[in-house]
Amino acid sequence: MLQIERLTKSYPIKGGTLRVLNDINLNIEPGEKVAILGRNGAGKSTLIRIIGDLETPDSGNITRGMSISWPLGYSGGMQGSLTGYDNIAFLCRVYGVDQSPVADYVRSFTELGRFLKEPVKTYSAGMKGRLNFALSMAFDFDCLLIDEGLTAGDSRFADRCHQALEAKKDCAILMVAHAQESIRQFCQKAYVLEAGSLLSFNSMDDAYHHYNA
Amino acid sequence: MNPGSTLRIPAKQSFWISLKIQGRVIKALFLREMISHFGRHNIGFLWMFAEPMMVTIGIMILWALVGHEHGVMPSAGFALTGYSAILGWRNCVNKTSVALTANKGLLFHRNVTVLDLALSRSIFEFSSVSTSFLFLSIVLFGLNILVPPVYPLKTICAWLLLGWFYICAGIIALYLAEKSELFHRISHVLMYLTLPLTGAFAMVSWLPKKLQPTYLLSPMVNGVEMLREGYFGEIVKAQYSISFIITCNIILTAVALFLVSQVNKFTGSE
């Protein structure tokens, strides 16, 4: 289980501080699929970075009872001057797993083919997103953190992502996104992050209704 | 298709497992440095020590041509020990200071910490210079230009003590570079001005008696004195204190570890 208690985070801005997250409480059970909706600058990515241990909160507790992926998005997680394969090898060494099954899986999942032999910095944003997503699926995390929904790649790739995620029944997922229809079908629970507070709702429809209002 | 449970990533780790993970991460980062620094083209990872070697050879030829007089020390040996020390200092500081910028994406992984990046980069730089030092010693011995070290163990210890100092300095440089734009602007001047402190250009005993205690306040001067005594024996009249170097290194280690813990993974600043 992932447990977040009384989390706050502020950033210094011109003439004072901006409280981005204010007293956030959140529990995620194994296998639960949760979406956090919010507008640009609402603090979604900050929250996901804190959960992913990329930033430290000002106060509050995070209990990580399960293994958590790195925050998945268009950037981050890879080193640009290394090739796709070198990045795969690096991550396998970091996570201490065998390289060849991961490389095989990523190759067939991303369909990046010979581009995997090129430096990642030459990839388009969509290609990077595909590699990043495939890598996170290849490692068996208990909980995936997904920044900006499943917007990597084209619709064919988006379908593959959905299928792969559906297959991971035991894997919890925390997504932060704007209110996309695809997420509505996918998640069981949604929160709205607004003015630093996390609002919870009884149903997905209520959350979407509040967000769109 | 999914490799499944064989790739299970455990949620909680004991201290020993954490230590093992850190070792694994540093090793992975070290290999990553090798690959992206030197690529897989032409002589590949041989660049690791070919680069410092070319500089050292160039300096050795230059110093031999201008006819540096070093008393009892062969000028090739003086240049080899001195320039290896300068390169160790310069490369560890310069290249570790930009380690975070180059590896930002890798910090997204929880197990990869700022300390891991700093350590692997500065250990890598020190290893390159060490390999070049060792290789040149052997070649110069083969060419009958240089004798092997008189006290091999002392030479190695001195070099490792120097390495300890350079690596800590590199980690501190990473902190300074992340905290202040100013560091990038003044680092070249700073590195130039610190050259005398490396102890490469003169033995303590060549200086006026009055200046000697001040010169010996630099741990690097102590280290290079010890290195040259190890290499050429007592005839070089080295002056140094091992306990002074070790004390400085321990203090520097503590400072480096504290400072690096203040660097934020995501923004690089506090």
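Residues numbered from 1 in each chain as written. Chains lettered and ligands numbered in written order. Predicted model: local features only at pLDDT ≥ 70, side-chain atom pairs only at ≥ 80, totals over all residues.

**Here we look at the interface of chain B and chain A**
One frequent convention defines the size of an interface as the accessible area lost when the parts assemble.
Next, step 1: Contact with chain B, which involves 29 residues of that partner, is made by 36 residues of chain A.
Next, step 2: The leading source of residues in the side of chain B that touches chain A is helix α1 (residues 15–38) of chain B, at seven residues.
Next, step 3: Counted by class, the side of chain B that touches chain A contains 14 nonpolar, nine polar and six charged residues. (Contact = placed C-beta atoms within 7 Å. Helix = DSSP H or I, 4+ residues; strand = E, 2+ residues; numbered from the N terminus. Nonpolar A, V, L, I, M, F, W, Y, C, P; charged D, E, K, R; others polar.)

**What to know about helix α10 (residues 242–261) of chain B**
All names here are of chain B.
Next, step 1: With 20 residues, α10 should cover 28 Å at 1.5 Å per step; its first-to-last C-alpha distance of 29 Å lies within 8% of that length.
Next, step 2: Turning to α10, its buried residues number three or more, namely Ile-245, Cys-248, Ala-256 and Val-260. Viewed along the axis of α10, the buried residues span an arc of 90°, placing them on a single side of the element. Turned more than 90 degrees off the buried face of α10, the exposed positions are Ser-243, Thr-247, Ile-250, Ile-251, Ala-254, Phe-258 and Ser-261.
Next, step 3: Buried residues belonging to α10 abut α5 (114–142), α6 (152–179) and α9 (219–232). (Expected span 1.5 Å × (residues − 1). Buried ≥ 20, exposed ≤ 12 C-beta atoms within 10 Å, placed from the backbone. Arc of directions from axis to C-beta.)

**Structural notes on the confidence of the model for chain A**
Next, step 1: Overall, the prediction assigns chain A a mean pLDDT of 86, with 97% of residues at 70 or greater.
Next, step 2: Put simply, helix α6 (residues 181–186) of chain A is where chain A has its lowest mean pLDDT, 75, and helix α2 (residues 84–95) of chain A is where it has its highest, 92. (pLDDT = per-residue confidence, 0-100.)

**Side note on the packing of helix α3 (residues 75–97) of chain B against α9 of chain B**
Residue and element names in this part refer to chain B.
Next, step 1: Packing of α3 against α9 brings their axes to within 11 Å, and their N-to-C directions diverge by 145°. As α3 packs across α9, the resulting crossing turns out to be right-handed. Between α3 and α9, the contacting residues are Gly-77, Thr-81, Ala-85 and Trp-89 on the first element and Met-220, Val-224, Leu-227, Arg-228, Tyr-231 and Phe-232 on the second.
Next, step 2: The class makeup of the residues in the contact of α3 with α9 is seven nonpolar, two polar and one charged. (Axes fitted to C-alpha atoms, helices over the stretch in contact; angles between N-to-C directions. Left-handed = near helix turned anticlockwise from the far one by under 90°.)

**Things to note about the sheet that holds strand β4 (residues 59–64) of chain A**
All names here are of chain A.
Next, step 1: Pairing is antiparallel in the open sheet, where three strands are placed in the order β2-β1-β4. The strands lining the two open edges of the sheet, one partner per strand, are β2 (16–28) and β4. When the angles between neighbouring strand axes are averaged without regard to direction, this sheet yields 25°.
Next, step 2: In this sheet, β4 lies alongside strand β1 (residues 2–13) in antiparallel orientation, the contact comprising five bridges. Directly across from Thr-8, in β4, lies its bridge partner Ser-59.
Next, step 3: Lying over the sheet, helix α1 (residues 44–51) contacts β1, β2 and β4, oriented at roughly 60° with respect to β2. (Pairing = 2+ DSSP bridges.)

**What about the environment of Gln-3 of chain A?**
Residues and elements named next belong to chain A.
Next, step 1: One can find Gln-3 in strand β1.
Next, step 2: Separated by 62 residues in the primary sequence, Gln-3 and Gly-65 place their C-alpha atoms 7.9 Å from one another.
Next, step 3: Once residues within four sequence positions are removed from consideration, Gln-3 is found in contact with Asn-27 and Thr-63.

**Focus: the sheet that holds strand β6 (residues 172–177) of chain A**
Residue and element names in this part refer to chain A.
Next, step 1: With mixed pairing, five strands are arranged side by side in an open sheet as β5-β6-β3-β7-β8. In this open sheet, the two strands that pair with only one neighbour each are β5 (143–147) and β8 (197–200). Ignoring strand direction, the axes of neighbouring strands in this sheet form an average angle of 20°.
Next, step 2: Pairing geometry for strand β3 (residues 33–37) and β6, over five bridges, is parallel. Paired with Lys-33 across the two strands is Ile-173, which belongs to β6.

**Details of the pairing of β8 of chain A**
Next, step 1: By the bridge criterion, four bridges tie strand β7 (residues 189–194) of chain A to β8 of chain A in an arrangement that is antiparallel. If you follow Tyr-191 of chain A over to β8 of chain A, its bridge partner there is Ser-200 of chain A.

**What about the confidence of the model for chain B?**
Residues and elements named next belong to chain B.
Next, step 1: Taken residue by residue, chain B gives an average pLDDT of 86. The fraction at 70 or more is 89%.
Next, step 2: Of all helices and strands in chain B, the one with the weakest mean pLDDT is helix α2 (residues 47–65) (76), whereas α10 scores best (96).
Next, step 3: With pLDDT under 50 throughout, residues 1–6 is counted as low confidence; its partners more than four residues away or in other chains account for ten contacts.
Next, step 4: The ipTM, which scores confidence in the relative placement of chains, is 0.86 for this predicted complex, and the corresponding pTM is 0.86.

**Concerning the packing of α6 of chain B against α10 of chain B**
Residue and element names in this part refer to chain B.
Next, step 1: In the contact formed by α6 and α10, the axes pass within 9 Å of each other and the chain directions differ by 25°. In terms of axis orientation, α6 runs roughly parallel to α10. Once α6 is placed against α10, the crossing between them reads as left-handed. Contacts between α6 and α10 involve Leu-161, Trp-164, Phe-165, Cys-168, Ile-171, Ile-172, Leu-174 and Tyr-175 from the former and Ile-245, Asn-249, Leu-252, Thr-253, Val-255, Ala-256, Leu-259 and Val-260 from the latter.
Next, step 2: Split into classes, the residues belonging to the contact of α6 with α10 amount to 14 nonpolar, two polar and no charged. (Parallel < 35°, antiparallel > 145°, perpendicular 65-115°, else oblique.)

**Points about the pairing of β6 of chain A**
All names here are of chain A.
Next, step 1: For β6, the tally of buried residues reaches six of six residues, placing the bulk of the element in the interior.
Next, step 2: With burial as the criterion, each face of β6 is covered, one bearing Ala-172, Leu-174 and Val-176 and the other bearing Ile-173, Met-175 and Ala-177.
Next, step 3: Relative to β6, β5 runs parallel, the two sharing five bridges. Paired with Leu-144 across the two strands is Ile-173, which belongs to β6.

**Observations regarding the environment of Ser-137 of chain B**
Residue and element names in this part refer to chain B.
Next, step 1: Secondary-structure assignment places Ser-137 in helix α5.
Next, step 2: Residue classification places Ser-137 among the buried positions, given that 20 C-beta atoms sit within 10 Å.
Next, step 3: With sequence-adjacent residues up to four places away left out, Ser-137 is seen in contact with Leu-80 and Leu-146.

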